[in-house]
Amino acid sequence: MTSPGKVASPPVAAIRPQGRTVHGVSLNDDYAWLRAENWRDVLRDPDTLPAEIRKHIEAENAWCDTLMAPTKALQRELIKEMRGRIKEDDSEPPQPDGPFLYYSRYRRGGEHPLICRKPRANEGSKGGREQVMLDADALAEGKEFFDLGDAEHSPDHRLLAWSADEAGSELFLIRVRDLATGKDLPDAIADTSGEMIWAADSSAFAYVALDDDHRPTRVLRHRLGTPQSADELLYEETDPGLFADIDQTQSRRFLLISSSDHETSEVSLVDLADEAGKPRLIAPRLAGRQYSVEHHGDELLILTNADGAEDFKIVSAPLSDPSPSNWVDLVPHKRGRLILSHICLAGRLIRLEREEGLPRIVIRDLESGTESSIAFDEEAYGLGVDAGYEFETDRLRFIYASMARPAETYDYDLATGARTLVKRQEVPSGHDSEAYVVRRIFATAKDGARVPVSLLHRRDLKLDGSAPCLLYGYGSYGAAMSASFRTRPLSLVDRGFVYAIAHIRGGTDKGWGWYLDGKRQNKPNSFTDFIAAGEMLAAQGFTSRGRIVAEGGSAGGMLMGAVANLAPELFAGIIAEVPFVDVLNTILDESLPLTPMEWPEWGDPIRDVAAFRTILSYSPYDNVKAQAYPPILATGGLADPRVTYWEPAKWVARLRATMTGGGPIMLHTNMDAGHAGAAGRFDSLKETALAYAFAITAAGGGWSEAGELAGSS
């Protein structure tokens, strides 16, 4: 029976066909009306969403609430568990910079961080006079959404530039705080990407401005005390397919202005000590060539895929003339060893690389050429580098974790090789790493490729096929899925789930070639790899067919839509978070913020017939079939500039109108957030609890045709 106050049936979106012909193929979109004509205004102010569309989205939320109402107690329990694993007054290890130690921390119960510092004389001690430079909890008070973007202290330690987004649309306002008074200066820079790089004399900073189409296209220099309208243009990207970004060398001598898409980049240097410094191009853009830059003395050290170095190499070039004709191999290319990133500290080059799916850190003495490495002997783990602020240092900080082992932060002495543990992630409610098993196994794709799968389960779990499984995947943009420690999935694992990550093609988990084999015309490999991972987990007794809940977000949400169309019977349920499911319509529309720069990833269906047909063959929205689908939970963010709210809304409407059985199909849209959902560290637990309650319910039998939980009356 339907309880009083509940919605009795799912929303039915009006069918208003819009047709067009592209490359001789007739396309029909019954739900295009869900895209607001004033969508740009909605990104800035969600209250401008047209009433008819808002009514439909809110009806979807009400239907989702109705179906998930019997799990409210479970959701509260999950939130309590997940919150219990978070150290409420957590603090990151301080990083030294000149006379201060800088760090962020949380107050007990706080949603947002405190940005702090204390005198360096107290390094290694818990005492000392702390200065709270920025209290993000106070800044967020009374706001429906607040996301602290960046917070960068000035080189003279007198000022703090900080940025925040108050709508979820990723339009950040930059302010500058006087650290002596605690008050913000009049300077206010609107519509930015949120990052800023200080000039050496602390009188100005560089930032990236977003244009009317939400694209980061211009790099400007703002001088303190002047209006934003007077800011000096340093660089403007006129190609809509490339976005501008800023960074700085570890030496802090140069501002780096990069312009890139997913396969081509170019970088210019600006001397941060020159108040009138202009960009100096290192190497002009060349289709398919990527490079990133570090500085050491009279040289630049450049990570690049030039000259066929598919898995990248590091070259040196004279600072006086760093053009490609002067590039000399320093760390040659080695196929299968993907160099992920590099930094320079005085006298040393540090690189993070991955081989056979496992990361390691390699330290090279630039004078002698000798190398040493940091690696761990586990089947699957995550490893990262935190370079800190300083260049003249013998200390390197790194972070290690595995799926069962909480993160450990070490300071590594580059002179002696000694490791000092500076922080071990605390799990206040308790955690015994030995109670869990971490595995790295391989599925065989239909073309014979070996697909790595990292998994976690309790040591006492019977692997007889009866366990449910949450299988996570992404597989786009070359992003590798780290097998590091996550506290939230433990709520599933402790309930008898196997938690698995499929390292499918489209990521760089097995090198750059693994990425190329999952993009453009090879994109379908990502989907069949994920299905192969699920089939393997069932065949080996970790779970069984129909007991797997699949999860993915953004481009991983596209993966969810594709596998739902291809192998619905394999899954007990599908969680598609901010899913990129209306692929063809989006990539055919040059007016959308991200479309032109997405063509290198998916292909350009406007000008390339083959690309059009490939995308048409898998675009989840365009391939919904008259078949039974598993229960699906889709989520969206009303102010999301990356995957616009109408993509999941249209997909859900078409699924309900087309499917012949199964379900139910649910959509929950966060009306106060964007792509990343709720920004607060505890507020976001509500979204995870909804997804996990869905997974537990789906794996336990799901819902009846009436929308009740299976077995309920």
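Whatever comes next refers back to the structure up there.
Let us look at the structure shown here. The structure displayed is predicted, hence computed values, not measured ones. (Residues numbered from 1 in each chain as written. Predicted model: local features only at pLDDT ≥ 70, side-chain atom pairs only at ≥ 80, totals over all residues. Heavy atoms only, no water.)

## A closer look at the overall build of the chain
A count of helical and extended segments in the chain gives 13 helices and 39 strands. For 713 residues, the compact-globule formula gives about 27 Å, and the C-alpha radius of gyration of the chain, at 26 Å, lands near that figure. In terms of its C-alpha atoms, the chain occupies a principal-axis envelope of roughly 70 × 55 × 55 Å. Taking all 713 residues of the chain together, 58% fall into the buried category. Within the structure as shown, the chain displays about 27900 Å² of accessible surface, and the carbon and sulfur contribution to it stands at 48%. For the chain, the distance from the average position of its 78 positive side-chain charges to the average position of its 106 negative side-chain charges is 4 Å. (Helix = DSSP H or I, 4+ residues; strand = E, 2+ residues; numbered from the N terminus. Rg over C-alpha atoms; globule rule 2.2 N^0.38 Å. Buried < 20%, exposed > 50% of the residue type's maximum accessible area, 1.4 Å probe, protein only. Areas by Shrake-Rupley, 256 points an atom, 1.4 Å probe, with all protein chains shown as cover. Lys, Arg positive; Asp, Glu negative; His and termini not counted. Charge placed at Lys NZ, Arg CZ, Asp CG, Glu CD.)

## What to know about the nonpolar core
Core analysis: the biggest nonpolar cluster contains 129 residues, and Leu 470, Leu 471, Phe 530, Leu 537, Phe 571 and Trp 651 have the highest contact counts within it. Apart from the residues lying within four places of it in its own chain, the contact partners of Trp 651 are Gly 561, Ala 576, Pro 579, Val 581, Pro 620, Tyr 621, Val 624, Ile 632 and Ala 634. Core analysis: the second largest hydrophobic core is formed by 16 residues, Leu 396, Phe 398, Tyr 400 and Leu 414 among them. (Core = buried A, V, L, I, M, F, W, Y, C linked by side-chain atoms within 4.5 Å. Contact = heavy atoms within 4.5 Å.)

## Digging into the side chain of Asp 165
Tracing the backbone through its elements, the reader meets Asp 165 in strand β8 (residues 159–165). No salt bridge is formed by the buried Asp 165, whose closest oppositely charged neighbour, Arg 642, lies at an N-O distance of 9.2 Å. Only 3.1 Å separates the side chain of Asp 165 from the backbone nitrogen of Gly 168, close enough to count as a polar contact. The residues touching Asp 165, leaving out its near neighbours within four places in the chain, are Phe 145, Phe 146, Asp 147, Glu 170, Leu 171 and Phe 172. (Salt bridge = Lys/Arg side-chain N within 4 Å of Asp/Glu carboxyl O. Polar contact = N/O pair within 3.5 Å; in protein donor to acceptor, adjacent residues only side chain to side chain.)

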